[in-house]
Amino acid sequence: MQTPDGLPSEIDLSRPSAARVYDYFLGGAHNFEIDRRLAEQIAATTPHLPATMRAGREFLRRAVRVLLDAGIDQFLDIGSGIPTVGNVHEVAQAANPKARVVYVDIDPVAVAHSRELLTGDELTGVLHGDLRDPERLLADARALRLLDFDRPLGVLLAGVVHFVPDTDRPADVLAALRSATVPGSHLVLSHSTFEDQPPEMLDAQRLSARTATEITLRSRAEITGFFGDWTLLPPGVVHMELWRPDAPSEVAANPQRFGAFGGVARNDRSAG
């Protein structure tokens, strides 16, 4: 069933959606007045948040282009939200029209919107999945038969691992995802941090999560550990703006202001 707006009936337009608020901050068109009102309220109390979200998306785009240059043509994007303007499949398929993308999100609203938006695109898939259950997530991804896990894969975890508390053993989750890939695969990860942050920014990060789940802020060392024994690509795990900017002018005088590190690593382990 669909609503009068042509959207699936499971999408509740009477309540704001975290995924649609995120879409609004990124300049997307898949949001409604109720979402925009909440977004403006959030921005009034945490003015850096919209720019932080955009910086995270720009980091992801740059990382995807690096993976494409390395020959990666299939991507598993976990915690994807709504595939709004400039998302992974657009970036990837602009460079390689045969690139395949599977989006995964825990938010049923984001999943419903994503499926509606991507109807008819045979090279993309959408899953409702929980990062904290990697075995189920990977099984569902394999069942779609869009990704070939016997070939190098790009695993994308942009701004999602910080929603996994220490009690859910995020290092084990990441290890399970890494172990499911073959040599030549890449892992892209960005994660909020408490390092180099003033108290007011830490408060904003905790209060302005795009879901009700509390963010767990971690150190650079902890975030680096999520890459395991994979080979970090230069410049390593750095503040997001410092990870291979398109031009020096894109890096501000205080790149730490967004409160997140980003990095990309390659699986160089020998097969078998």
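Residues numbered from 1 in each chain as written. Predicted model: local features only at pLDDT ≥ 70, side-chain atom pairs only at ≥ 80, totals over all residues. Heavy atoms only, no water.

A. A look at the overall build of the chain. A tally of regular secondary structure across the chain gives nine helices and eight strands. Burial statistics for the chain: of 272 residues in total, 54% are counted as buried. Sequence separation of 24 or more characterises 69% of the internal contacts of the chain that already satisfy a separation of 6 or more. Approximately 12300 Å² of the chain is accessible, and the part contributed by carbon and sulfur atoms is 52%. (Helix = DSSP H or I, 4+ residues; strand = E, 2+ residues; numbered from the N terminus. Buried < 20%, exposed > 50% of the residue type's maximum accessible area, 1.4 Å probe, protein only. Contact = heavy atoms within 4.5 Å. Areas by Shrake-Rupley, 256 points an atom, 1.4 Å probe, with all protein chains shown as cover.)

B. Up close: the packing of helix α6 (residues 134-144) against helix α7 (residues 170-179). α7 packs onto α6 with a crossing angle of 30° between their chain directions and a minimal axis gap of 9 Å. When the axis of α6 is compared with that of α7, the two are roughly parallel. Judged by the twist between their axes, the crossing of α6 over α7 is right-handed. Residues Pro134, Glu135 and Leu138 of α6 lie in contact with α7, whose contacting residues are Val173, Ala176 and Leu177. For the contact of α6 with α7, the per-class residue count stands at five nonpolar, no polar and one charged. (Axes fitted to C-alpha atoms, helices over the stretch in contact; angles between N-to-C directions. Parallel < 35°, antiparallel > 145°, perpendicular 65-115°, else oblique. Left-handed = near helix turned anticlockwise from the far one by under 90°. Nonpolar A, V, L, I, M, F, W, Y, C, P; charged D, E, K, R; others polar.)

C. A look at the nonpolar core. Within the largest apolar cluster, 31 residues are counted, with the highest numbers of intra-cluster contacts made by Leu76, Ile78, Leu131, Leu157, Val161, Leu174 and Leu189. Core analysis: the next-biggest nonpolar cluster, separate from the first, contains 29 residues, Leu60, Phe75, Tyr103 and Val111 among them. (Core = buried A, V, L, I, M, F, W, Y, C linked by side-chain atoms within 4.5 Å.)

D. Structural detail: the packing of aromatic side chains. Across all of its chains, the model carries one aromatic pair by this definition. For the ring pair Phe59 and Trp243, a centre distance of 5.8 Å and an interplane angle of 85° mean the geometry is edge-to-face. Of this pair, Phe59 sits in helix α3 (residues 49-69) while Trp243 sits in the loop between β7 (238-239) and β8 (260-266); the two residues are 184 residues apart in sequence, bridging distant segments of the chain. For the pair shown, Phe59 and Trp243 are each scored as buried. (Phe/Tyr/Trp six-rings, centres within 6.5 Å; stacked < 30°, edge-to-face > 60°.)

E. Representation of the pairing of strand β3 (residues 124-128) in the model. The element β3 is largely enclosed, with a buried count of four among its five residues. Between the parallel pair strand β2 (residues 100-105) and β3, the chain is carried across by helix α5 (residues 108-117), and the sense of this crossover is right-handed. (Right-handed = clockwise from strand over helix to strand, strands pointing away.)

F. Seen up close, unusual backbone geometry. Looking along the chain, the bond that leaves Pro234 and enters Pro235 is cis, with omega of 10°. Within the secondary structure layout, Pro235 lies in the loop between β6 (231-232) and β7. Positive phi, normally seen in glycine, also occurs at Arg145, with a value near 60°. The residue Arg145 is located in the loop between α6 and β4 (154-158) in this model. If you check the backbone angles, Arg169 has positive phi at about 55° while not being a glycine. Residue Arg169 is classed as exposed on the basis of its relative accessible area of 53%.

G. Representation of the environment of His162 in the model. On the secondary structure map, His162 appears in the loop between β4 and α7. Considering only alpha carbons, one finds His162 and Ser190, 28 residues apart in sequence, at a separation of 8.8 Å. Once residues lying within four places of it in the same chain are set aside, the contact partners of His162 are His191, Ser192, Glu214, Ile215, Thr216 and Arg218.

H. Looking closely at the pairing of β8. Most of β8 sits inside the fold, with six of its seven residues counted as buried. Where strand β5 (residues 186-192) meets β8, seven bridges bridge the pair, whose relative direction is antiparallel. Bridge pairing links Val188 to Val264 in β8. Of the strand pairs in this sheet, β6 and β8 are connected by two bridges, and their pairing is antiparallel. (Pairing = 2+ DSSP bridges.)

I. Representation of α6. Inspection of α6 places Pro134, Leu137, Leu138 and Ala141 among the buried residues, and these make up the whole buried set. Buried residues along α6 cover an arc of 95° about the axis, so they all sit on one side. Of the residues in α6, the exposed ones pointing more than 90 degrees away from the buried face are Glu135, Arg136 and Ala143. Looking at the buried residues of α6, the elements they touch are β1 (74-78), β2, β3 and α7. Looking one or two places after α6, you find Arg145, whose phi comes out positive at around 60°. (Arc of directions from axis to C-beta.)

J. View of the pattern of salt bridges. Applying the stated rule across the entire model yields 11 salt bridges. Note that Asp172 is salt-bridged to Arg169, the shortest N-O span being 2.4 Å. (Salt bridge = Lys/Arg side-chain N within 4 Å of Asp/Glu carboxyl O.)

K. Layout of the environment of Asp150. By the element assignment, Asp150 lies in the loop between α6 and β4. Spatially, the C-alpha atoms of Asp150 and Thr181 are 7.4 Å apart, while their sequence positions differ by 31 residues.

By themselves, these observations are geometric and do not establish any function.
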